[in-house]
Amino acid sequence: MQQMTNYDIEQERELLTRMLEAGKNIIIETDQAAVLRNVKWPKAEFHYIVMPKAPIARVTALKPQHLPLLDHMMELANQIIEKTPLPPNEFRIGFEIDSFMNRLNMHVISNDFHAFHMQRIEHWNIFNTELFIDFQAVCALLLAQGSVEPMSAAKVKELLLRSELHCNRCEFVDKNFSKLKAHLYQHWTKRRAMMDMTKSIANTHLDLLHNHTFNARLGAVGVPPRILVPVRPLAAYNPIRIQFQPNPCRAQLQPIVPIIKPANLSWQANAQSNPTAKQAYKKQNKTANNAYNTK
Ligand SMILES: [Zn+2]
């Protein structure tokens with residue numbers, strides 16, 4: 001493999017800044033910050049980067065006066081999560097304590113860590129050890145002590161190479177990265193199957209909703225209840241306002257309302273005017289009653 005020169009490394013470190021300034025891979029943009037799709041090194045199924053436009057170098061350069069900006073970045077993170085099929089609690093939002101990039105970048109990453117670019121033990125450890133600092137922790141540190149302390153190079157190295165690999169969603173632990181990858185894949189396939197099933201239920205619900213609208217005219221059913229969108233719990237000490245907009249994908253997951261189909265209404269109406277149908281209707285009722293009584 002060709003050795004990277006210092007110039008190459010500097011170019012890589014500026015990559016996100018160049019993307020931001022060129023407007024490349026931007027999904028959401030405001031006057032203060034932007035959300036970029038992580039097209040180069042996604043480490044999970046959904047992986048986005050929120051960057052401020054102000055030239056803040058890294059998380060350890062943040063000061064309490066940046067709290068409103070962080071609040072705004074979190075709002076953008078919520079907006080991008082709303083565009084995915086996953087609920088907010090399936091995402092990690094925060095910063096690398098020792099980021100390679102030369103501009104502050106906040107990760108919004110789904111907790112599956114199932115991606116082609118999740119290739120080395122360091123990739124896992126960056127997001128699953130103290131090398132990753134959650135958004136709420138950064139805010140709390142800025143409020144409590146005014147800054148986020150940098151980590152020593154020795155500690156960073158130790159954490160990067162930590163070989164005890166704990167799954168982020170169960171008790172699984174192993175020292176073999178390939179085994180962890182295989183294990184993460186199992187979690188991912190289960191979630192995928194669950195999402196497919198949920199989608200199928202949502203589609204069925206849409207069909208039922210169509211019937212519901214039709215049947216509602218006959219006064220047969222009530223109006224389906226609105227779903228309550230889950231809200232991420234926030235640490236009590238954090239005064240930063242975090243809003244979650246209703247997720248349009250989740251909004252389809254309303255509980256299915258049992259529909260009482262007025263199946264016999266047309267039969268009864270018909271039976272009033274049609275003697276043959278009336279007899280058939282009586283016979284049907286008799287058969288149904290006999291069946292009920294013999295139970
Ligand atoms: Zn697990």
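For every chain, the first residue of the written sequence is number 1, and numbering continues from 1 onward in sequence order. The model is predicted, so local features are restricted to residues of pLDDT at least 70 and side-chain atom pairs to those at 80 or more, both for listing and for counting; the totals for chains, interfaces and linings are taken over all residues. Each side-chain value is derived from all of the structure's non-hydrogen atoms; neither hydrogens nor water enter the calculation.

A. Layout of the overall build of the protein chain. Under the scheme used here, helices are H or I runs from DSSP no shorter than 4 residues and strands are E runs no shorter than 2 residues, and both carry numbers assigned from the N terminus. Summing up its helical and strand segments, the protein chain has nine helices and eight strands in all. Per-residue burial for the protein chain yields a buried fraction of 36% across its 295 residues. If you take every contact in the protein chain between residues at least 6 apart in sequence, the share linking residues at least 24 apart comes to 65%. Residue exposure ignores everything except the shown protein chains as possible cover, and the areas themselves are Shrake-Rupley values with a 1.4 Å probe. Within the structure as shown, the protein chain displays about 17,600 Å² of accessible surface, and the carbon and sulfur contribution to it stands at 55%. Each residue is placed in one exposure class: buried if its accessible area under a 1.4 Å probe, protein chains only, is under 20% of its type's maximum, exposed if it is over 50%, and partly exposed if it falls in between. Whether two residues touch is decided by their heavy atoms; if any such pair falls within 4.5 Å, the residues are in contact.

B. Molecular detail of the side chain of His 47. By the element assignment, His 47 lies in strand S3 (residues 47-52). For His 47, the side chain forms a polar contact with the side chain of His 107, separated by 2.8 Å. Apart from the residues within four sequence positions on either side, His 47 is in contact with Arg 37, Asn 38, Trp 41, Pro 42, His 107, Val 108, Ile 109 and Phe 127. Pairs of N or O atoms within 3.5 Å make up the polar contacts considered here, provided that, within protein, one atom can donate a hydrogen while the other can accept it, and that residues adjacent in sequence are counted only when both atoms are side-chain atoms.

C. Expanded view of the coordination of the zinc ion. For Na, K and Ca the donor cut-off is 3.2 Å; for every other metal, N, O and S atoms count as donors within 2.8 Å. Water does not enter the count, which can leave sites looking incomplete. Around the zinc ion, the donor atoms from the protein are Cys 167 (SG), Cys 170 (SG), His 183 (NE2) and His 187 (NE2), and they sit 2.0 to 2.2 Å away. In this structure, the zinc ion is surrounded by four donor atoms whose angles at the metal cover 99 to 121°, and the resulting shape is tetrahedral. One chain supplies every donor for the zinc ion, spaced along it as C-x2-C-x12-H-x3-H. Here His 183 and its partner His 187 are both found in helix H7 (residues 177-216), four residues apart, which amounts to about one turn of the helix. With respect to class, His 183 is no different from His 187; both count as buried. Square planar and octahedral assignments, for four and six donors respectively, both demand that opposite donors be over 155 degrees apart and that all other angles lie between 65 and 115; tetrahedral needs four donors with all angles between 85 and 135 degrees, and anything else is irregular.

D. Fine view of the environment of Val 173. If you trace the backbone, Val 173 turns up in strand S8 (residues 173-174). Discounting chain neighbours no more than four positions away, the residues touching Val 173 are Glu 164, Leu 165 and His 166.

E. Representation of helix H5 (residues 135-145) within the structure. Regarding H5, the residues found buried are Phe 135, Gln 136, Val 138, Cys 139, Ala 140 and Leu 142. Of the surrounding elements, those touching the buried residues of H5 are helix H3 (67-82), strand S4 (91-96), strand S5 (106-110) and strand S6 (132-134). Directly after H5, the chain includes Gly 146, whose backbone phi takes a positive value near 85°.

F. The nonpolar core, seen in detail. Nonpolar core, defined: a set of buried Ala, Val, Leu, Ile, Met, Phe, Trp, Tyr and Cys residues in which side-chain atoms within 4.5 Å join the residues together. If you look at the biggest cluster of nonpolar residues, it comprises 36 residues, and the most contacted ones within it are Leu 70, Met 73, Phe 95, Val 108 and Val 138. For this core, the elements supplying multiple residues, two or more each, are strand S2 (33-37), S3, H3, S4, S5, H5 and helix H6 (153-160). Looking at this core element by element, the count peaks at nine residues for H3. Ignoring any residue separated from it by four or fewer positions in sequence, one finds Val 138 in contact with Val 59, Leu 62, Leu 70, Phe 95, Ile 133 and Val 148. Residues Ala 44, Met 118, Phe 127 and Phe 177 belong to the second largest nonpolar core, which totals twelve residues.

Just distances and angles here, no functional claims.
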